[in-house]
Amino acid sequence: LPACWDSQLFIKDLHFDGVPVRIYLPREPSASKQRGVIFIHGGCGIFGSISKELKEKIICRYIARKSDSVVVSVGYHLAPEHKYPAQTLECLTATVHFLKTAETYGVDPARIIVCGDSVGGTFTANVCQELGRRTDIPKIRAQVLIYPFLQALNFNLPSHQKNAAVAFLSRERTVNFILKYLNKDCSLKEPILAGSHVPESINLKYRKWINPDLIPDVFKLGYKPPLPTLFSPQVHEEVQELFEPWFSPLLAEDAVVCSLPDTCIVTCEHDVLRDEGLLYKKRLEDNNVRVTWHHVEKGFH
């Protein structure tokens, strides 16, 4: 069967203000306006596609069928050919376009969520932080963050230690992917893993948000605080992007976080990124954002 054929869905490739998208619309007419879902795929910003990745097709079709929603999958262009933050900007552009034109597709603009896995969860967090206080477009109803990447300051949290050698997304590979995404020299990996890229002033500033003490004890079995490391100004200068909220959404100020929509966070037990989801959950709750949390025991990235 053709790749874009489905017995229950119309599937079309479109462009939203120049950004490639694939839209999944239920064939069965609805008596009322439907929900809308913007789906942002993972892949570290350097892999993945709306047309070639079987996983994304299955997920988008499943969401569209089971929730009777119109799903828009964003085909943002990949790094390093398209430099950061092009990916976030394209996800933002596609989301704004859909919010403004939702009724064209039979969607209630007040019932649109943004959803993403891995770095797609990063871009989802970026989009919601950026649009949280805008009044010229409909509000995003909710965000769904599936094992998201949310910070690049500390790679020695309990989940980093516990899952350092887990298949596919190991601790070292995580930093390798970050450097490839930013088109940086991979020799920076070791000092970043050690934390040499973060000056003490930044560590002190963000300790209230990125701190192993904030992780529930049940997730800290066997955790050992890392030894102090020497700060390297040269490394710090090379990776300034890591300290931007668009790269590390956990660093956004409270004034931004308190404007976020209802949130669902999914974490997995065997995932180096587990604790980032837990830390963001706490930040949202501390800012009176309603959070639903699903933890997948025995799950992995």
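Residues numbered from 1 in each chain as written. Predicted model: local features only at pLDDT ≥ 70, side-chain atom pairs only at ≥ 80, totals over all residues. Heavy atoms only, no water.

Going by an unreviewed UniProt entry, the protein chain carries the name ADCL4 protein and comes from Vidua chalybeata.

K.L.:
Explain the UniProt feature "domain: Alpha/beta hydrolase fold-3" (unreviewed entry) in the protein chain here, please?
P.N.:
Mapped onto the present numbering, the UniProt feature "domain: Alpha/beta hydrolase fold-3" (unreviewed entry) falls at residues 37-192 and 241-301. Secondary structure content for residues 241-301 is 28% helix and 31% strand, while the C-alpha to C-alpha distance between its ends is 24 Å. (UniProt positions renumbered as here; feature names shortened; annotations may be inferred. Helix = DSSP H or I, 4+ residues; strand = E, 2+ residues; numbered from the N terminus.)

K.L.:
When you look at helix α3 (residues 119-131) in this model, what are you seeing that I'm missing?
P.N.:
Residues spaced three or four apart along an α-helix face the same direction, because each turn holds 3.6 residues. For α3, with 13 residues, the first-to-last C-alpha span of 18 Å sits near the 18 Å given by 1.5 Å per residue. In terms of burial, α3 is a largely internal element, 12 of the 13 residues being buried. The set of residues buried in α3 consists of V119, G120, G121, T122, F123, T124, A125, N126, V127, C128, Q129 and L131. (Expected span 1.5 Å × (residues − 1). Buried < 20%, exposed > 50% of the residue type's maximum accessible area, 1.4 Å probe, protein only.)

K.L.:
What should I look at first to understand the nonpolar core in this one?
P.N.:
As a rule of thumb, nonpolar side chains are buried together in soluble globular proteins. Ranked by size, the top nonpolar core spans 77 residues in total, and within it I192, L242, F247 and Y280 carry the most contacts. Look past the residues within four positions of Y280 in its chain and what remains in contact with it is A125, Q129, L145, L150, P249, L250, L260 and I265. Counting 12 residues, the second-largest nonpolar core is a separate cluster that includes Y24, C60, V71 and V144. (Core = buried A, V, L, I, M, F, W, Y, C linked by side-chain atoms within 4.5 Å. Contact = heavy atoms within 4.5 Å.)

K.L.:
I'm lost on the side chain of D271 in this one. Help?
P.N.:
Its location among the elements puts D271 in the loop between β7 (262-270) and α10 (274-286). Among buried charged residues, D271 stands out as having no salt bridge; its nearest opposite-charge side chain is R274, 8.1 Å away. If near-sequence neighbours (up to four positions away) are discounted, D271 is found in contact with Y147, S159, N163, L169 and H301. (Lys, Arg positive; Asp, Glu negative; His and termini not counted. Salt bridge = Lys/Arg side-chain N within 4 Å of Asp/Glu carboxyl O.)

K.L.:
Please explain the environment of S159 as it appears in this structure.
P.N.:
Among the secondary structure elements, S159 is positioned in helix α4 (residues 158-162). On the basis of relative accessibility, which here comes to 0%, the residue S159 falls in the buried class. In this structure, the C-alpha to C-alpha distance between S159 and F219, residues 60 residues apart in sequence, is 7.7 Å. Not counting residues within four places of it along the chain, the set of residues in contact with S159 comprises D271, V272, L273, R274 and D275.

K.L.:
What am I meant to see in the pairing of strand β4 (residues 69-74) here?
P.N.:
Two faces, one strand: in a regular strand the side chains alternate between the faces of the sheet. Most of β4 is tucked away: 6 of the 6 residues are buried. In terms of strand pairing, strand β2 (residues 19-26) meets β4 through 4 bridges, oriented antiparallel. By the bridge assignment, V21 is partnered in β4 with V74. Inspection of the sheet shows strand β3 (residues 34-40) paired to β4 by 6 bridges, in the parallel sense. The residue of β4 that forms the bridge with I40 is V74. (Pairing = 2+ DSSP bridges.)

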